[in-house]
Amino acid sequence: MGCCGSCCENLLRFILFLFNLGLLGAGIALLIVGGIAAKEFQDFADANLFESRYLWGPVALALTVGVLLLLVGLFGVGGLCCKNKCMLKAFIIFLIILIILELTVMILAFVYRDQGETSAKNGIKTAMTNAYGSSANTKTKKAMDKLQQTFECCGSNGTADYFDARLSVPPACCPGKPDTCSSLTAYTTGCSSALFAKFQKYTVGIFVVCIIFVILQIIGLILAIKFLNEDSDGK
């Protein structure tokens, strides 16, 4: 019976160890993704294309969750290797906080999903005038050019936005960014629609991954509590 209990405890310890290594890997990956996103979004931030909460919110979230995952993983690995109950308890507390944070973010992202598109429409329309108007801003122009070329779009809702603002259709609205661009050769999709379509394309996949991740974390939490209780009973 004692041998069986010892084997079960060692197996549980090994599973938790692998689980924590996975958390460490996920944390490092999120920090890298957050850092790359911050670098890529800098041009858009300088040009005020979007409200800061919609632009930097996801970046801050990725970095925060990444740091929490690293903390959870380090406490978990440390607690298992050193057989330290305090570290294991800290691991459980941090994991609970992480699960609550992730569930809250998923709910808020679903509730406010349409507000991001409205913000994008308004921000892009303002940026168009700042980028291509009489007093053109270099940073805003660079950001608008990058946005329109990257997402193969034009204006906020299409070339009509430039005509409404009494502006010429910029070269960035056409494939290959030629010297001149007209409504006949320009991209037909508006940038706000292109951005939202891209967002929707990945939303389902992201939510599925998040839900699976949360379920795995809950399983890890249950195993950690079970391991801590068995370890306490054994002593």
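To keep things clear, this report deals only with the structure shown in the data block. Note that the coordinates shown come from a computational prediction; the quantities given were computed from them, not determined experimentally.

Conventions and cut-offs
- Residues numbered from 1 in each chain as written.
- Predicted model: local features only at pLDDT ≥ 70, side-chain atom pairs only at ≥ 80, totals over all residues.
- Heavy atoms only, no water.
- Disulfide = S-S within 2.5 Å.
- Helix = DSSP H or I, 4+ residues; strand = E, 2+ residues; numbered from the N terminus.
- Buried < 20%, exposed > 50% of the residue type's maximum accessible area, 1.4 Å probe, protein only.
- Core = buried A, V, L, I, M, F, W, Y, C linked by side-chain atoms within 4.5 Å.
- Contact = heavy atoms within 4.5 Å.
- Salt bridge = Lys/Arg side-chain N within 4 Å of Asp/Glu carboxyl O.
- Expected span 1.5 Å × (residues − 1).
- Polar contact = N/O pair within 3.5 Å; in protein donor to acceptor, adjacent residues only side chain to side chain.

## Quick notes on the state of the cysteines
Between two cysteines, a covalent bond joining their sulfur atoms is known as a disulfide.
Here comes step 1: Tallied over the entire structure, the rule returns three disulfides.
Here comes step 2: Residue C154 pairs covalently with C173 via a disulfide, S to S 2.2 Å. In this structure the cystine formed by C154 and C173 twists about its S-S bond by roughly 90°; its chirality is therefore right-handed. In this pair, C154 is assigned in the loop between α5 (138–150) and α6 (160–164) and C173 in the loop between α6 and α7 (191–234), connecting sequence segments 19 residues apart.
Here comes step 3: A disulfide bridge connects C174 with C181, and the sulfur atoms are separated by 1.9 Å. Between C174 and C181, the S-S dihedral sits near 80°, and the bridge is therefore right-handed. In terms of burial, C174 and C181 fall into one category: buried.
Here comes step 4: If one numbers only the bonded cysteines of the chain, in the order they occur, the disulfide pattern is 1-6, 2-3, 4-5.
Here comes step 5: No disulfide involves C81; its sulfur sits 6.3 Å from the nearest other cysteine sulfur, which is in C82.
Here comes step 6: According to the relative accessible area criterion, C82 is exposed, its value standing at 57%.

## Quick word on the nonpolar core
Where a protein is soluble and globular, its nonpolar side chains tend to be buried together.
Here comes step 1: One finds F91, L95 and L98 to be the most contacted residues of the largest nonpolar core, which totals 21 residues.
Here comes step 2: Looking at this core, the elements that each hand over two or more residues are α1 (2–46), α2 (52–82), α3 (85–111) and α7.
Here comes step 3: The element contributing the most residues to this core is α3, with seven residues.
Here comes step 4: Residues in contact with F91, not counting those within four places in the same chain, are F19, N20, L23, V72, F75, G76 and A224.
Here comes step 5: Judged by nonpolar contacts, the second largest core, of 20 residues, contains I124, A127, L167 and C174.

## Describing the pattern of salt bridges
Here comes step 1: Inspection of the entire model under this criterion finds two salt bridges.
Here comes step 2: Taking the shortest distance from any N to any O, the salt bridge between D145 and K141 comes out at 2.9 Å. Linking D145 with K141, this pair stays in helix α5, spanning four residues, or about one helical turn.
Here comes step 3: Across the pair D145 and K177 runs a salt bridge, and its minimum N-O distance is 3.4 Å. Placement of the pair is D145 in helix α5 and K177 in the loop between α6 and α7, with a sequence separation of 32 residues.
Here comes step 4: A relative accessible area of 41% places K177 in the partly exposed class.
Here comes step 5: Each member of the salt-bridge network shares a partner with another, and the members are K141, D145 and K177.

## Points about α3
Here comes step 1: In a regular helix each residue adds 1.5 Å, so 27 residues correspond to 39 Å; α3 covers 39 Å between its end C-alpha atoms and thus fits that length.
Here comes step 2: Among all positions in α3, only L88, A90, F91, I92, L95, L98, I99, E102 and M106 are buried.
Here comes step 3: Two or three places before C86, at the start of α3, stands the capping residue N84, its side-chain oxygen 2.9 Å from that residue's backbone nitrogen.

## Topic: α5
Here comes step 1: Taking 1.5 Å per residue, 13 residues should reach 18 Å; α5 reaches 18 Å between its end C-alpha atoms and fits that length.
Here comes step 2: Within α5, the full set of buried residues consists of T140, A143, M144, D145, L147 and Q148.
Here comes step 3: Looking at the residues trailing α5, positive phi occurs at E152, about 50°.

## A word on the side chain of Q148
Here comes step 1: When you line up the elements, Q148 lands in helix α5.
Here comes step 2: Residue Q148 is classed as buried on the basis of its relative accessible area, which comes to 0%.
Here comes step 3: Side chain to side chain, Q148 and Y132 meet in a polar contact 3.2 Å long.
Here comes step 4: A distance of 3.0 Å separates a polar atom in the side chain of Q148 from the backbone nitrogen of G155.

## Looking at unusual backbone geometry
Here comes step 1: In this structure, E152 takes a positive phi of about 50° despite not being glycine.
Here comes step 2: For E152, a relative accessible area of 49% gives the class partly exposed.
Here comes step 3: Here K177, not a glycine, exhibits a phi torsion of approximately 50°, which is positive.

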